[in-house]
Amino acid sequence: MSKKNKPNSNAMFTRAIDNMPLGVADSYRYWGEENTVFLSSMKGCTITDCDEQTFVDFRLAYGPIILGYRDERIDNEVISAITTVGTISGFSTGLDSDVVELVKSLCPNIDKMRFSNSGTEAVIGAVRTARGFTKRNKIVVVEGGFHGLHDEVMWKSDVDNWDVNTQQVPDIVPFGGGIPQSTREHQVSVPLNDFDAIDAVFTQYGDDIAAILIEPIMGNCGSIASTQAYMQKLRDVCDNNGSLLIMDEVKTGFRVAKGGAQALYGIFADLTTYAKAMGNGYPVAAFGGRAEVMDTISFAKDGVTHGGTYTANMVALSAAKATLTVLKETDALETIANVGQKIQALLSRVFTKFGVEHCFAGPDAMFGVHFGSKVPQNYRDWKQTNSDLYTQFALNLIENGVMLEPDSREPWFICEAHQTVDLNWLEQVAEQSMAAAINE
């Protein structure tokens, strides 16, 4: 990938493979022995690897970077917090409420919140709280959604190996080894935007459904989005059944709008999870919602327990306070959306030039690219797009200095710093990359 001769990267991998499984600290960072990326620096919207190759980055660490790498407005506040207060104490500070009040000023769906350290932890907390409030067990999830790396939500529809011509539903399989079959007992999967499937599930399991867990815009499925009518359907069925609606906004929160995806739909969840863009790359996450639901977290006999040694540490909260303040008080998100629109326009010109049917899904700040004539309405529709062509196009972009995930299920993430990108250069690179992909 990119330079053929990468002595420093090769040496880094040789060292790493002796220290970590696959030579990486996160399985998704493994791109093969030859192509696993080792970075030396990041700034703005660019990353530089240890062989001094610089890329314009549209991967953005899977979405957390909303302003840009090493944004001084955020970093200086974190440094100040560390030097004047500290990092962690096991007690509370005023920063806790500072951040919650900022979130509440942006998100009318939030009355009370609790913090965590990752999106995975936030989802665990929200699901446990929903079960504690409803005294029920089952969670309905949507095919193509991603809700973190804990066993219960690490079951997926095997669309990769599904034969679309059979019209049979895809198998439900674990992400891999080490996930007990028992963890699937209380999870029910449905296709996105399918009203009949929701009705069938609630007819069968309604008395034991604690919540529906959904990414309104699926950040690991090319930003395929719920329709307005489907979101209203979910809200109505939860209200009628006494179940809760949990919106997983780990990727969309504070990225697609100041109030997240819920601000776009005008439909609000009982519980919401946040992370990623909340801290511009610092490890901070949260879940929250209606006061009566969140107050299930208590020391009562049947109260929900929530906590964590590193929860609400000074580094995380100072970053969140600074990031949310910038997003609230500036036009950063408008800038991001404008850049996203321009990039989609230039990509569309390139695809059209080469006769490639294409469409975009999701908001401008995290848009998906799908090679086909129709915007996919669910994960099964994605299977019918030309994802192989997209992968080759993406790999060619990486060769030419544009970093992104070479899988069309991962969106293009835009940050404020992308306003500095030379769009003429980017269009030329996209042309070269598509020409090579077509001729593969």
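Preceding this section is the structure that the text describes.
To start, this report covers the structure provided alongside it.

What counts and how
- Going along each chain's sequence as written, the residues are numbered from 1 onward.
- Where totals are concerned, whole chains, interfaces and linings use all residues; where local detail is concerned, this predicted model gives features only for residues with pLDDT of at least 70, and gives and counts side-chain atom pairs only at 80 or more.
- The basis for every side-chain value is the complete set of non-hydrogen atoms in the structure, without hydrogens or water.
- For helices, the fitted line uses only the C-alpha atoms of the stretch in contact; every axis is such a line through C-alpha atoms, and the angle between N-to-C directions lies from 0 to 180 degrees.
- Secondary structure elements are taken from DSSP: a helix is a run of H or I of four residues or more, a strand is a run of E of two residues or more, and numbering for both begins at the N terminus.
- When describing relative orientation, an angle under 35 degrees is termed roughly parallel and one over 145 degrees roughly antiparallel, while 65 to 115 degrees is termed roughly perpendicular and anything else oblique.
- Definitions for this section: a left-handed crossing has its near helix turned counterclockwise from the far helix by less than a right angle. A right-handed crossing has that turn clockwise.
- Whether two residues are in contact is decided by their heavy atoms: any pair within 4.5 Å suffices.
- Amino acids are sorted into nonpolar (Ala, Val, Leu, Ile, Met, Phe, Trp, Tyr, Cys and Pro), charged (Asp, Glu, Lys and Arg) and polar (every other residue, Gly among them).
- Note on pairing: two strands pair once DSSP finds at least 2 bridges between them.
- What counts as a salt bridge is simple: a side-chain nitrogen of Lys or Arg found within 4 Å of a carboxyl oxygen of Asp or Glu.
- Burial here depends on accessible area, computed with a 1.4 Å probe over protein chains only, as a share of the maximum for the residue type. Under 20% is buried, over 50% is exposed, and the range in between is partly exposed.
- Nine residue types can take part in a nonpolar core, namely buried Ala, Val, Leu, Ile, Met, Phe, Trp, Tyr and Cys, and a core is a set of them joined through side-chain atoms within 4.5 Å.
- Source of the domain bounds: an automatic or database domain assignment.
- Grid spacing is 1 Å over the protein atoms alone, the probe is 1.4 Å, and a cavity is where that probe fits but cannot get out, while a pocket is an open set with protein on both sides within 12 Å along at least five of seven lines and lining residues have an atom within 4 Å of a point.
- Grid points are joined across faces, edges and corners, and a volume is the space filled by probe spheres set on the points.
- Within 6.5 Å between ring centres, the rings of Phe, Tyr and Trp (the latter by its six-membered ring) count as paired, and their orientation is classed by plane angle as stacked under 30 degrees, edge-to-face over 60, tilted in between.
- Consider the ring centre and the ring normal. A charge sits over the ring if Lys NZ or Arg CZ is within 6 Å of that centre and within 35 degrees of that normal.

### What about the packing of helix H12 (residues 387-399) against helix H13 (residues 423-438)?
For step 1, the next point in the chain: The interhelical angle for the contact between H12 and H13, taken along N-to-C directions, is 130°, at an axis separation of 8 Å. On the basis of the axis angle, H12 is oblique to H13. The two elements H12 and H13 cross, and the hand of that crossing is right-handed. Of the residues in H13, those in contact with Leu389, Gln392, Phe393, Asn396 and Leu397 of H12 are Val429, Ala430, Ser433, Met434, Ala436, Ala437 and Ile438.
For step 2, the next point in the chain: In the contact of H12 with H13, the residues fall into nine nonpolar, three polar and no charged.

### Focus on the sheet that holds strand E12 (residues 244-249)
What links the strands of a sheet is backbone hydrogen bonding, and the strands pair in either a parallel or an antiparallel sense.
For step 1, the next point in the chain: If you walk across this open sheet you meet the seven strands as E4-E14-E13-E12-E9-E5-E8, and the pairing is mixed. What marks the edges here is a single partner per strand, and that holds for strand E4 (112-116) and strand E8 (187-190). Looking at each pair of strands side by side, their axes are set apart by 20° on average, direction ignored.
For step 2, the next point in the chain: The pairing of strand E5 (residues 138-142) with strand E9 (residues 209-214) spans four bridges and is classified as parallel. The residue bridging valine 141 from the neighbouring strand is leucine 213, located in E9.
For step 3, the next point in the chain: Packing of helix H6 (residues 228-241) onto the sheet brings it into contact with E5, E8, E9 and E12, and relative to E9 it is tilted by some 165°.

### Regarding the pattern of salt bridges
For step 1, the next point in the chain: As enumerated under the stated definition, the model contains 19 salt bridges in all.
For step 2, the next point in the chain: Salt-bridge contacts for arginine 409 lead to aspartate 160; the nearest nitrogen and oxygen are separated by 3.1 Å. Here the residue arginine 409 occupies a position in the loop between strand E17 (402-403) and strand E18 (412-413), and aspartate 160 occupies one in the loop between strand E6 (155-157) and strand E7 (172-174), the gap between them amounting to 249 residues.
For step 3, the next point in the chain: On the accessibility criterion, arginine 409 (16% relative accessible area) is buried.
For step 4, the next point in the chain: The partly exposed category is assigned to aspartate 160, whose relative accessible area is 38%.
For step 5, the next point in the chain: The salt bridge partner of aspartate 270 is arginine 290, with a shortest N-O separation of 2.8 Å.

### Describing the packing of helix H2 (residues 72-84) against helix H9 (residues 314-329)
For step 1, the next point in the chain: At their nearest, the axes of H2 and H9 sit 8 Å apart, and the two run at 145° to each other. The interaxial crossing formed by H2 with H9 has right-handed handedness. Note on element contacts: H9 touches H2 through Met314, Val315, Ser318, Ala319, Ala322, Thr323 and Val326, opposite Arg73, Ile74, Glu77, Val78, Ala81 and Ile82.
For step 2, the next point in the chain: Its residues placed into classes, the contact of H2 with H9 shows nine nonpolar, two polar and two charged.

### Things to note about the nonpolar core
The tendency in soluble globular proteins is for nonpolar side chains to be buried side by side.
For step 1, the next point in the chain: Val103, Met278, Phe393 and Trp412 are the most contacted members of the largest nonpolar core, which has 107 residues in total.
For step 2, the next point in the chain: The element that contributes the greatest number of residues to this core is H9, accounting for 10 residues.
For step 3, the next point in the chain: Two domains each donate at least three residues to this core, and these are domain 1 (38-69 + 331-439) and domain 2 (72-329).
For step 4, the next point in the chain: Look past the residues within four positions of tryptophan 412 in its chain and what remains in contact with it is Phe58, Ile343, Leu347, Ala365, Met366, Phe367, Val369, Tyr390, Phe393, Leu397 and Leu404.
For step 5, the next point in the chain: Within the second largest apolar cluster, 22 residues are counted, among which are Ile139, Ala211, Ile246 and Ala285.

### Here we look at the layout of surface pockets
For step 1, the next point in the chain: Roughly 320 Å³ of internal volume is contained in the second largest pocket.
For step 2, the next point in the chain: Along its surface, the second largest pocket is lined by 19 residues, and Phe91, Ser92, Asp96, Thr311 and Ala312 are the ones closest to its centre.
For step 3, the next point in the chain: Of the residues that constitute the lining of the second largest pocket, the class distribution is seven nonpolar, 11 polar and one charged.

### A short note on the environment of valine 356
For step 1, the next point in the chain: With respect to the helices and strands, valine 356 occurs in the loop between helix H10 (332-353) and strand E15 (359-361).
For step 2, the next point in the chain: Residue class for valine 356 comes out buried when judged on its relative accessible area of 10%.

### A closer look at the packing of aromatic side chains
Between two aromatic rings, the relevant description is the distance of the centres plus the angle of the planes.
For step 1, the next point in the chain: Counted according to the given criterion, the structure contains 13 aromatic pairs.
For step 2, the next point in the chain: Ring geometry for phenylalanine 367 versus tryptophan 412: centroids 5.8 Å apart, planes at 20°, classification stacked. Residue phenylalanine 367 is located in strand E16 (residues 366-370), and its partner tryptophan 412 is located in strand E18; the two are separated by 45 residues in the primary sequence.
For step 3, the next point in the chain: Accessibility expressed as a relative area gives 0% for phenylalanine 367, which makes it buried.
For step 4, the next point in the chain: Residue class for tryptophan 412 comes out buried when judged on its relative accessible area of 1%.
For step 5, the next point in the chain: The interplanar angle of 65° and the centroid separation of 6.5 Å between the aromatic rings of tyrosine 390 and phenylalanine 393 together place this pair among those described as edge-to-face. With tyrosine 390 and phenylalanine 393 both in helix H12 and three residues apart, the pair spans about one turn of that helix. For the pair tyrosine 390 and phenylalanine 393, a shared accessibility class is recorded, and that class is buried.
For step 6, the next point in the chain: Feature note: the residues Phe58, Phe360, Phe367 and Trp412 constitute an aromatic cluster, connected by ring pairs.
For step 7, the next point in the chain: Taking the ring centre of tyrosine 62 as reference, the NZ or CZ of arginine 59 above it sits at 4.3 Å.
For step 8, the next point in the chain: For lysine 156, the ring lying beneath its charged end belongs to phenylalanine 175, and the centroid distance is 5.3 Å.

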